[in-house]
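Chain by chain, the residues run as shown.
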Amino acid sequence: MSVRTLPLLFLNLGGEMLYILDQRLRAQNIPGDKARKVLNDIISTMFNRKFMEELFKPQELYSKKALRTVYNRLAHASIMRLNQASMDKLYDLMTMAFKYQVLLCPRPKDVLLVTFNHLDAIKGFIQDSPTILNQVDETFRQLTDAYGSLSAGEFQLIRQTLLIFFQDLHIRVSIFLKDRVQNSNGRFVLPVSGPVPWGTEVPGLIRMFNNKGEEVKKTEFKHGGNYVSAPKEGSFELYGDRVLKLGTNMYSVNRTVETHMSAASKNLTSQTQENITPNPLAKEELNFLARLMGGMEIKKPSGPEPGFRLNLFTTDEEEEHAAQSRPEELTYDIINIQAIQDQQQKEELARIMGEFEIKEQPRQSSSKGDDLLAMMDEL
(Lines give C-alpha, C1' and ligand atoms only; values in the text may rest on other atoms or scores of the structure.)
Protein backbone atom coordinates (compact mmCIF):
# COMPACT_ATOMS: atom_id res chain seq x y z
CA MET A 1 0.00 0.00 0.00
CA SER A 2 1.36 3.42 -0.95
CA VAL A 3 1.33 6.23 1.62
CA ARG A 4 1.29 8.78 -1.22
CA THR A 5 -2.17 7.92 -2.53
CA LEU A 6 -4.50 10.08 -0.41
CA PRO A 7 -3.92 13.47 -2.16
CA LEU A 8 -4.65 11.95 -5.59
CA LEU A 9 -7.76 10.17 -4.30
CA PHE A 10 -9.11 13.26 -2.55
CA LEU A 11 -8.45 15.73 -5.39
CA ASN A 12 -9.89 13.52 -8.13
CA LEU A 13 -13.00 12.62 -6.14
CA GLY A 14 -13.36 16.31 -5.26
CA GLY A 15 -13.11 17.23 -8.93
CA GLU A 16 -15.87 14.76 -9.81
CA MET A 17 -18.01 16.17 -6.99
CA LEU A 18 -17.68 19.67 -8.43
CA TYR A 19 -18.60 18.43 -11.94
CA ILE A 20 -21.80 16.85 -10.58
CA LEU A 21 -22.77 19.81 -8.41
CA ASP A 22 -22.22 22.23 -11.31
CA GLN A 23 -24.46 20.10 -13.54
CA ARG A 24 -27.23 19.89 -10.92
CA LEU A 25 -27.04 23.61 -10.14
CA ARG A 26 -27.64 24.31 -13.84
CA ALA A 27 -30.35 21.63 -14.14
CA GLN A 28 -32.30 23.12 -11.20
CA ASN A 29 -31.95 26.64 -12.60
CA ILE A 30 -30.23 27.97 -9.48
CA PRO A 31 -29.46 31.69 -10.02
CA GLY A 32 -25.95 32.29 -11.35
CA ASP A 33 -24.73 34.30 -8.36
CA LYS A 34 -25.80 31.59 -5.90
CA ALA A 35 -24.30 28.81 -8.04
CA ARG A 36 -20.98 30.68 -8.27
CA LYS A 37 -20.97 31.26 -4.52
CA VAL A 38 -21.50 27.55 -3.83
CA LEU A 39 -18.68 26.45 -6.13
CA ASN A 40 -16.34 29.21 -4.92
CA ASP A 41 -16.95 28.36 -1.26
CA ILE A 42 -16.43 24.63 -1.78
CA ILE A 43 -13.29 25.08 -3.90
CA SER A 44 -11.84 27.62 -1.47
CA THR A 45 -12.40 25.18 1.41
CA MET A 46 -11.12 22.22 -0.56
CA PHE A 47 -7.83 23.93 -1.45
CA ASN A 48 -7.27 25.61 1.90
CA ARG A 49 -3.51 25.75 2.61
CA LYS A 50 -3.65 24.11 6.06
CA PHE A 51 -5.97 21.42 4.76
CA MET A 52 -3.60 20.64 1.87
CA GLU A 53 -0.64 20.46 4.25
CA GLU A 54 -2.40 17.74 6.24
CA LEU A 55 -3.50 15.95 3.08
CA PHE A 56 0.01 15.73 1.59
CA LYS A 57 1.55 14.17 4.69
CA PRO A 58 2.45 10.51 3.97
CA GLN A 59 -0.38 8.38 5.37
CA GLU A 60 -2.40 5.26 4.65
CA LEU A 61 -5.79 5.40 2.95
CA TYR A 62 -8.81 5.09 5.23
CA SER A 63 -12.27 3.65 4.81
CA LYS A 64 -14.90 4.92 2.40
CA LYS A 65 -17.00 5.92 5.42
CA ALA A 66 -14.21 8.11 6.80
CA LEU A 67 -13.65 9.86 3.47
CA ARG A 68 -17.40 10.20 2.95
CA THR A 69 -17.52 12.19 6.21
CA VAL A 70 -14.96 14.64 4.82
CA TYR A 71 -16.88 15.08 1.55
CA ASN A 72 -20.17 15.55 3.39
CA ARG A 73 -18.59 18.43 5.29
CA LEU A 74 -17.06 19.81 2.11
CA ALA A 75 -20.34 19.69 0.16
CA HIS A 76 -22.00 21.72 2.93
CA ALA A 77 -19.29 24.38 3.08
CA SER A 78 -21.64 26.95 1.50
CA ILE A 79 -25.34 27.85 1.46
CA MET A 80 -26.31 24.62 -0.36
CA ARG A 81 -27.70 21.59 1.48
CA LEU A 82 -28.08 17.95 0.38
CA ASN A 83 -30.40 15.30 1.79
CA GLN A 84 -28.96 11.91 2.77
CA ALA A 85 -30.16 10.18 -0.43
CA SER A 86 -28.67 12.90 -2.65
CA MET A 87 -25.38 12.75 -0.74
CA ASP A 88 -25.31 8.96 -1.20
CA LYS A 89 -25.89 9.34 -4.93
CA LEU A 90 -23.25 12.08 -5.18
CA TYR A 91 -20.65 9.89 -3.49
CA ASP A 92 -21.60 6.89 -5.69
CA LEU A 93 -21.14 8.94 -8.87
CA MET A 94 -17.83 10.38 -7.65
CA THR A 95 -16.33 7.02 -6.75
CA MET A 96 -17.48 5.15 -9.87
CA ALA A 97 -16.23 7.90 -12.19
CA PHE A 98 -12.76 7.94 -10.66
CA LYS A 99 -12.65 4.13 -10.51
CA TYR A 100 -13.31 4.10 -14.28
CA GLN A 101 -10.52 6.62 -14.85
CA VAL A 102 -8.00 4.67 -12.78
CA LEU A 103 -8.88 1.42 -14.58
CA LEU A 104 -8.41 2.98 -18.01
CA CYS A 105 -5.18 4.89 -17.30
CA PRO A 106 -2.76 3.79 -20.07
CA ARG A 107 0.21 4.06 -17.69
CA PRO A 108 0.19 4.20 -13.87
CA LYS A 109 1.84 7.64 -14.11
CA ASP A 110 -1.12 8.91 -16.11
CA VAL A 111 -3.21 9.09 -12.92
CA LEU A 112 -1.32 12.36 -12.44
CA LEU A 113 -2.61 13.62 -15.81
CA VAL A 114 -6.14 12.65 -14.72
CA THR A 115 -5.61 14.78 -11.60
CA PHE A 116 -4.36 17.71 -13.69
CA ASN A 117 -7.45 17.44 -15.92
CA HIS A 118 -9.59 17.83 -12.81
CA LEU A 119 -7.57 20.83 -11.61
CA ASP A 120 -7.75 22.46 -15.07
CA ALA A 121 -11.54 22.13 -15.06
CA ILE A 122 -11.80 23.39 -11.47
CA LYS A 123 -9.90 26.53 -12.49
CA GLY A 124 -12.55 27.06 -15.15
CA PHE A 125 -15.18 27.32 -12.40
CA ILE A 126 -13.29 30.13 -10.60
CA GLN A 127 -11.95 32.32 -13.42
CA ASP A 128 -13.24 35.46 -11.68
CA SER A 129 -11.67 34.60 -8.30
CA PRO A 130 -7.88 35.18 -8.49
CA THR A 131 -7.33 34.35 -4.80
CA ILE A 132 -8.90 30.88 -5.16
CA LEU A 133 -7.07 30.39 -8.47
CA ASN A 134 -3.80 30.93 -6.62
CA GLN A 135 -4.82 28.25 -4.10
CA VAL A 136 -5.40 25.73 -6.91
CA ASP A 137 -2.11 26.64 -8.63
CA GLU A 138 -0.27 26.18 -5.33
CA THR A 139 -1.77 22.69 -5.03
CA PHE A 140 -0.59 21.98 -8.59
CA ARG A 141 2.95 22.89 -7.54
CA GLN A 142 2.64 20.64 -4.48
CA LEU A 143 1.58 17.77 -6.75
CA THR A 144 4.54 18.39 -9.07
CA ASP A 145 6.97 18.45 -6.14
CA ALA A 146 5.50 15.33 -4.52
CA TYR A 147 5.00 13.16 -7.61
CA GLY A 148 7.20 14.59 -10.36
CA SER A 149 10.23 12.44 -9.55
CA LEU A 150 8.47 9.16 -8.64
CA SER A 151 9.46 6.02 -10.52
CA ALA A 152 7.10 3.92 -12.64
CA GLY A 153 7.11 1.32 -9.87
CA GLU A 154 5.98 3.86 -7.27
CA PHE A 155 3.14 5.01 -9.55
CA GLN A 156 2.15 1.37 -10.07
CA LEU A 157 1.89 0.95 -6.29
CA ILE A 158 -0.29 4.08 -6.10
CA ARG A 159 -2.56 2.74 -8.84
CA GLN A 160 -2.79 -0.63 -7.12
CA THR A 161 -3.69 1.07 -3.82
CA LEU A 162 -6.48 2.99 -5.55
CA LEU A 163 -7.86 -0.15 -7.19
CA ILE A 164 -7.89 -1.94 -3.83
CA PHE A 165 -9.85 1.00 -2.40
CA PHE A 166 -12.46 0.66 -5.19
CA GLN A 167 -12.57 -3.15 -5.10
CA ASP A 168 -16.08 -4.71 -5.00
CA LEU A 169 -17.70 -1.36 -5.82
CA HIS A 170 -19.99 -2.09 -8.80
CA ILE A 171 -22.67 0.62 -8.89
CA ARG A 172 -24.31 1.03 -12.29
CA VAL A 173 -24.25 4.57 -13.68
CA SER A 174 -26.60 5.49 -16.54
CA ILE A 175 -23.97 7.47 -18.51
CA PHE A 176 -21.57 4.54 -18.48
CA LEU A 177 -24.33 2.07 -19.39
CA LYS A 178 -25.53 4.23 -22.32
CA ASP A 179 -21.97 4.65 -23.59
CA ARG A 180 -21.51 0.88 -23.26
CA VAL A 181 -18.40 1.18 -21.10
CA GLN A 182 -20.14 -0.57 -18.18
CA ASN A 183 -21.93 -3.92 -18.12
CA SER A 184 -25.27 -4.57 -16.41
CA ASN A 185 -23.43 -6.18 -13.47
CA GLY A 186 -21.66 -2.88 -12.77
CA ARG A 187 -18.25 -3.94 -14.07
CA PHE A 188 -16.41 -1.75 -16.56
CA VAL A 189 -15.52 -2.77 -20.11
CA LEU A 190 -11.82 -2.43 -20.90
CA PRO A 191 -11.23 -1.25 -24.50
CA VAL A 192 -9.27 -3.28 -27.06
CA SER A 193 -8.60 -0.33 -29.35
CA GLY A 194 -7.18 3.17 -29.35
CA PRO A 195 -3.73 4.55 -28.54
CA VAL A 196 -1.26 2.42 -26.59
CA PRO A 197 0.59 3.93 -23.61
CA TRP A 198 3.20 6.56 -24.47
CA GLY A 199 6.63 5.00 -24.97
CA THR A 200 5.28 1.57 -25.94
CA GLU A 201 4.77 -0.10 -29.32
CA VAL A 202 1.58 -1.34 -30.93
CA PRO A 203 1.26 -5.07 -30.08
CA GLY A 204 1.66 -7.68 -32.80
CA LEU A 205 5.40 -8.31 -32.98
CA ILE A 206 7.64 -10.72 -31.05
CA ARG A 207 11.41 -10.18 -31.21
CA MET A 208 13.88 -12.91 -30.26
CA PHE A 209 17.49 -12.29 -29.23
CA ASN A 210 20.57 -14.50 -28.83
CA ASN A 211 22.84 -14.63 -25.79
CA LYS A 212 24.80 -11.63 -27.13
CA GLY A 213 21.72 -9.43 -27.17
CA GLU A 214 21.46 -9.44 -30.96
CA GLU A 215 18.05 -9.67 -32.60
CA VAL A 216 17.87 -12.90 -34.57
CA LYS A 217 14.18 -13.37 -35.40
CA LYS A 218 10.86 -11.56 -35.66
CA THR A 219 7.41 -13.13 -35.47
CA GLU A 220 4.10 -11.37 -35.97
CA PHE A 221 0.85 -12.33 -34.26
CA LYS A 222 -2.78 -11.17 -34.36
CA HIS A 223 -3.74 -9.30 -31.20
CA GLY A 224 -7.45 -8.96 -31.97
CA GLY A 225 -7.59 -5.23 -31.25
CA ASN A 226 -7.34 -1.98 -33.17
CA TYR A 227 -4.42 -0.18 -31.53
CA VAL A 228 -2.48 2.86 -32.71
CA SER A 229 0.64 4.62 -31.43
CA ALA A 230 0.17 7.45 -28.93
CA PRO A 231 0.43 10.80 -30.78
CA LYS A 232 2.42 12.48 -27.99
CA GLU A 233 2.86 12.47 -24.22
CA GLY A 234 0.52 14.58 -22.14
CA SER A 235 1.94 17.72 -20.53
CA PHE A 236 2.78 17.66 -16.81
CA GLU A 237 3.30 21.45 -16.75
CA LEU A 238 0.99 23.98 -15.12
CA TYR A 239 -0.47 24.85 -18.51
CA GLY A 240 -0.40 22.41 -21.40
CA ASP A 241 -2.17 19.77 -23.46
CA ARG A 242 -2.84 16.77 -21.25
CA VAL A 243 -3.73 14.66 -24.36
CA LEU A 244 -5.50 12.17 -22.08
CA LYS A 245 -9.24 12.87 -21.81
CA LEU A 246 -9.83 10.87 -18.62
CA GLY A 247 -10.75 13.23 -15.79
CA THR A 248 -12.41 15.86 -17.99
CA ASN A 249 -16.01 16.89 -17.30
CA MET A 250 -18.41 14.29 -18.73
CA TYR A 251 -21.38 16.36 -17.48
CA SER A 252 -20.54 19.43 -19.60
CA VAL A 253 -23.46 18.40 -21.84
CA ASN A 254 -26.68 18.18 -19.83
CA ARG A 255 -27.41 14.48 -19.31
CA THR A 256 -29.65 12.81 -16.75
CA VAL A 257 -27.56 10.55 -14.54
CA GLU A 258 -29.00 7.67 -12.54
CA THR A 259 -27.32 5.12 -10.30
CA HIS A 260 -28.44 1.59 -9.45
CA MET A 261 -27.02 -1.06 -7.17
CA SER A 262 -25.95 -4.10 -9.20
CA ALA A 263 -26.97 -7.56 -8.06
CA ALA A 264 -23.33 -8.32 -7.28
CA SER A 265 -23.11 -5.32 -4.98
CA LYS A 266 -26.34 -6.26 -3.21
CA ASN A 267 -25.03 -9.78 -2.61
CA LEU A 268 -21.89 -8.31 -1.08
CA THR A 269 -23.68 -6.13 1.45
CA SER A 270 -23.27 -8.70 4.19
CA GLN A 271 -19.54 -8.72 3.52
CA THR A 272 -19.15 -4.96 3.41
CA GLN A 273 -20.76 -4.14 6.73
CA GLU A 274 -18.54 -2.21 9.11
CA ASN A 275 -17.42 -4.40 11.99
CA ILE A 276 -19.07 -3.16 15.16
CA THR A 277 -16.29 -4.61 17.33
CA PRO A 278 -13.99 -1.82 18.60
CA ASN A 279 -11.00 -1.59 16.31
CA PRO A 280 -7.76 0.27 17.12
CA LEU A 281 -7.49 1.33 13.48
CA ALA A 282 -10.88 3.03 13.76
CA LYS A 283 -9.38 5.29 16.43
CA GLU A 284 -6.66 6.27 13.98
CA GLU A 285 -9.32 7.05 11.36
CA LEU A 286 -11.05 9.42 13.77
CA ASN A 287 -7.75 11.12 14.51
CA PHE A 288 -7.18 11.45 10.77
CA LEU A 289 -10.59 13.09 10.37
CA ALA A 290 -9.87 15.44 13.24
CA ARG A 291 -6.61 16.54 11.64
CA LEU A 292 -8.18 16.99 8.19
CA MET A 293 -11.24 18.84 9.42
CA GLY A 294 -9.11 20.93 11.73
CA GLY A 295 -7.53 22.27 8.53
CA MET A 296 -10.88 23.02 6.93
CA GLU A 297 -11.83 26.64 7.36
CA ILE A 298 -15.58 26.56 6.85
CA LYS A 299 -16.89 30.03 6.18
CA LYS A 300 -20.15 30.78 7.96
CA PRO A 301 -22.72 32.41 5.65
CA SER A 302 -22.62 36.14 6.24
CA GLY A 303 -25.72 38.25 5.97
CA PRO A 304 -29.32 37.19 5.46
CA GLU A 305 -28.67 35.21 2.25
CA PRO A 306 -30.96 32.16 2.40
CA GLY A 307 -29.69 28.65 1.74
CA PHE A 308 -31.26 26.19 -0.66
CA ARG A 309 -31.53 22.43 -1.09
CA LEU A 310 -29.99 20.70 -4.10
CA ASN A 311 -31.58 17.49 -5.35
CA LEU A 312 -29.41 14.93 -7.19
CA PHE A 313 -32.59 13.27 -8.44
CA THR A 314 -35.10 14.48 -11.03
CA THR A 315 -37.92 14.78 -8.47
CA ASP A 316 -38.34 14.78 -4.71
CA GLU A 317 -40.31 11.54 -5.00
CA GLU A 318 -37.36 9.80 -6.66
CA GLU A 319 -35.08 11.05 -3.92
CA GLU A 320 -37.40 9.75 -1.20
CA HIS A 321 -37.73 6.37 -2.94
CA ALA A 322 -33.94 6.08 -3.24
CA ALA A 323 -33.52 6.78 0.46
CA GLN A 324 -36.01 4.04 1.36
CA SER A 325 -34.76 1.41 -1.09
CA ARG A 326 -30.99 1.75 -0.57
CA PRO A 327 -29.53 -1.16 1.47
CA GLU A 328 -28.75 0.05 4.98
CA GLU A 329 -25.28 -1.50 4.81
CA LEU A 330 -24.41 0.69 1.82
CA THR A 331 -25.58 3.98 3.32
CA TYR A 332 -22.65 6.00 4.57
CA ASP A 333 -23.88 7.41 7.85
CA ILE A 334 -21.88 10.37 9.07
CA ILE A 335 -19.37 9.43 11.74
CA ASN A 336 -20.23 10.98 15.09
CA ILE A 337 -17.77 10.91 17.97
CA GLN A 338 -18.98 11.23 21.51
CA ALA A 339 -16.78 12.78 24.18
CA ILE A 340 -15.31 10.05 26.39
CA GLN A 341 -16.22 10.49 30.04
CA ASP A 342 -14.59 7.44 31.57
CA GLN A 343 -10.96 8.11 32.59
CA GLN A 344 -9.93 4.52 31.95
CA GLN A 345 -11.23 4.74 28.39
CA LYS A 346 -9.30 7.97 27.93
CA GLU A 347 -6.08 6.31 29.04
CA GLU A 348 -6.68 3.37 26.70
CA LEU A 349 -7.33 5.72 23.76
CA ALA A 350 -4.16 7.66 24.58
CA ARG A 351 -2.17 4.41 24.62
CA ILE A 352 -3.60 3.31 21.26
CA MET A 353 -2.95 6.69 19.65
CA GLY A 354 0.61 6.65 21.01
CA GLU A 355 1.26 3.40 19.17
CA PHE A 356 0.42 5.07 15.87
CA GLU A 357 2.93 7.89 16.50
CA ILE A 358 0.53 10.54 15.28
CA LYS A 359 2.08 13.99 14.98
CA GLU A 360 0.91 16.70 17.34
CA GLN A 361 -2.31 18.30 16.24
CA PRO A 362 -2.18 21.99 15.35
CA ARG A 363 -4.69 22.83 18.11
CA GLN A 364 -4.48 21.37 21.60
CA SER A 365 -7.08 21.60 24.34
CA SER A 366 -7.10 19.62 27.53
CA SER A 367 -10.89 19.74 27.67
CA LYS A 368 -11.52 18.59 24.11
CA GLY A 369 -8.85 15.95 23.47
CA ASP A 370 -9.58 14.04 20.29
CA ASP A 371 -13.26 14.89 20.21
CA LEU A 372 -13.97 15.52 16.53
CA LEU A 373 -17.34 17.13 17.16
CA ALA A 374 -15.78 19.74 19.42
CA MET A 375 -13.14 20.47 16.83
CA MET A 376 -15.76 20.87 14.10
CA ASP A 377 -17.70 23.26 16.32
CA GLU A 378 -14.64 25.52 16.50
CA LEU A 379 -14.52 25.97 12.70
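Computed from a predicted model, the values in this text were never measured in an experiment. (Residues numbered from 1 in each chain as written. Predicted model: local features only at pLDDT ≥ 70, side-chain atom pairs only at ≥ 80, totals over all residues. Heavy atoms only, no water.)

Once that is clear, we can look at the overall build of the protein. A count of helical and extended segments in the protein gives 15 helices and 8 strands. The burial tally for the protein puts 48% of its 379 residues in the buried class. Counting every atom, the protein has about 19,700 Å² of accessible surface; 50% of that belongs to carbon and sulfur. (Helix = DSSP H or I, 4+ residues; strand = E, 2+ residues; numbered from the N terminus. Buried < 20%, exposed > 50% of the residue type's maximum accessible area, 1.4 Å probe, protein only. Areas by Shrake-Rupley, 256 points an atom, 1.4 Å probe, with all protein chains shown as cover.)

Let's shift gears to the layout of surface pockets. Rolled over the atoms, a probe as big as a water molecule pinpoints where empty space is left. Considering only enclosed or pocket space, the second largest pocket measures out at about 640 Å³ in volume. Contributing to the lining of the second largest pocket are 27 residues, with Leu-104, Pro-106, Pro-195, Val-196 and Leu-244 lying nearest its centre. For the lining of the second largest pocket, the secondary-structure elements that each account for two or more residues are α5 (84-104) and β3 (193-195). The greatest single-element share of the lining of the second largest pocket, amounting to 3 residues, is contributed by β3. By residue class, the composition of the lining of the second largest pocket is 17 nonpolar, 3 polar and 7 charged. (1 Å grid on protein atoms, 1.4 Å probe; cavity = no way out; pocket = protein on both sides within 12 Å on 5 of 7 lines; lining within 4 Å. Points joined across faces, edges and corners; volume = space filled by probe spheres on them. Nonpolar A, V, L, I, M, F, W, Y, C, P; charged D, E, K, R; others polar.)

Soluble, globular proteins show a tendency: their nonpolar side chains are buried together. With 82 residues, the main nonpolar core has Leu-9, Phe-10, Met-17, Tyr-71, Leu-90, Phe-98 and Tyr-147 as its most contacted residues. Other than its neighbours up to four places away in sequence, Phe-10 contacts Met-46, Phe-51, Met-52, Leu-55, Val-70, Tyr-71 and Leu-74. (Core = buried A, V, L, I, M, F, W, Y, C linked by side-chain atoms within 4.5 Å. Contact = heavy atoms within 4.5 Å.)

Once that is clear, we can look at the pairing of strand β5 (residues 215-220). Judged by how many residues are buried, β5 sits mostly at the surface: 0 of 6 residues are covered. Alignment of strand β4 (residues 205-209) against β5, held across 5 bridges, turns out to be antiparallel. By the bridge assignment for β5, Met-208 is matched with Lys-217. From the end of β4 to the start of β5, which pair antiparallel, there are 5 residues, and Gly-213 there has a positive phi angle of about 85°. (Pairing = 2+ DSSP bridges.)

The first and last C-alpha atoms of helix α8 (residues 152-166) sit 21 Å apart over 15 residues, in line with the 21 Å expected at 1.5 Å per residue. Regarding α8, the residues found buried are Phe-155, Ile-158, Arg-159, Thr-161, Leu-162, Phe-165 and Phe-166. Viewed along the axis of α8, the buried residues span an arc of 155°, placing them on a single side of the element. Against the buried residues of α8 lie α1 (6-27), α4 (64-75), α5, α6 (111-125) and α7 (130-147). Just downstream of α8, Asp-168 is the residue with a positive phi angle, here 65°. (Expected span 1.5 Å × (residues − 1). Arc of directions from axis to C-beta.)

Following the criterion strictly, the structure yields 10 aromatic pairs and no others. Between Phe-10 and Phe-51, the aromatic rings sit 5.1 Å apart at their centres with planes inclined by 70°, giving edge-to-face as the arrangement. Of the two residues, Phe-10 sits in helix α1 while Phe-51 sits in helix α3 (residues 49-55), which places them 41 residues apart along the sequence. Using a relative accessible area of 0% as the deciding quantity, one classes Phe-51 as buried. Plain terms: the ring middles of Tyr-71 and Tyr-91 are 6.2 Å apart, the flat faces sit at 45° to each other, and that makes the pair tilted. In this pair, Tyr-71 is assigned in helix α4 and Tyr-91 in helix α5, connecting sequence segments 20 residues apart. For Tyr-71, a relative accessible area of 0% gives the class buried. Among the residues examined, Tyr-91 registers a relative accessible area of 0% and is labelled buried. Sitting above the plane of the Phe-165 ring, Lys-64 keeps its charged end 4.9 Å from the centroid. (Phe/Tyr/Trp six-rings, centres within 6.5 Å; stacked < 30°, edge-to-face > 60°. Lys NZ or Arg CZ within 6 Å of the ring centre and 35° of its normal.)

So, on to the pattern of salt bridges. Taken as a whole and assessed by the stated rule, the structure comprises 14 salt bridges. Between Asp-137 and Lys-123 there is a salt bridge, with the nearest N and O atoms lying 3.1 Å from each other. Of this pair, Asp-137 sits in helix α7 while Lys-123 sits in helix α6, and the two are 14 residues apart along the sequence. In this pair, the class of Asp-137 matches that of Lys-123, namely buried. The residue Arg-207 makes a salt bridge to Glu-215 at a minimum N-O spacing of 3.4 Å. Its relative accessible area of 37% is what places Glu-215 among the partly exposed residues. In the salt-bridge network here, residues are joined through shared partners; they are Glu-201, Arg-207, Glu-215 and Lys-218. (Salt bridge = Lys/Arg side-chain N within 4 Å of Asp/Glu carboxyl O.)

Turning next to a nonpolar patch on the surface. There is a patch of nonpolar side chains on the surface, built from Ile-206, Met-208, Val-216 and Phe-221 and spanning about 340 Å² of accessible area. Along the polypeptide, Met-208 turns up in strand β4. (Patch = residues over 30% accessible without salt bridge, like charges linked within 9 Å, V, L, I, M, F, W, Y side chains within 5 Å.)

Before going further, it helps to examine the packing of α1 against α4. Interaxial distance between α1 and α4 falls to 12 Å at its minimum, and their mutual angle equals 45°. If you check the angle between α1 and α4, you find them oblique. By crossing handedness, the relation of α1 to α4 is classed as right-handed. Residues Leu-6, Leu-9, Phe-10, Leu-13, Gly-14 and Met-17 of α1 form the contact with α4, whose participating residues are Leu-67, Val-70, Tyr-71, Leu-74 and Ala-75. Across the contact of α1 with α4, the residue classes break down as 10 nonpolar, 1 polar and no charged. (Axes fitted to C-alpha atoms, helices over the stretch in contact; angles between N-to-C directions. Parallel < 35°, antiparallel > 145°, perpendicular 65-115°, else oblique. Left-handed = near helix turned anticlockwise from the far one by under 90°.)

Let's shift gears to the confidence of the model for the protein. Overall, the predicted model of the protein reaches an average pLDDT of 80, with 72% of residues at or above 70. When mean pLDDT is compared element by element in the protein, α6 scores highest at 96, while helix α11 (residues 269-272) scores lowest at 41. A low-confidence stretch, residues 267-278 stays under pLDDT 50, and its non-local contacts, those more than four residues away or across chains, total 8 contacts. Below a pLDDT of 50 lies the segment residues 356-377, which in the model reaches 31 contacts outside its immediate sequence neighbourhood of four places, other chains included. (pLDDT = per-residue confidence, 0-100.)

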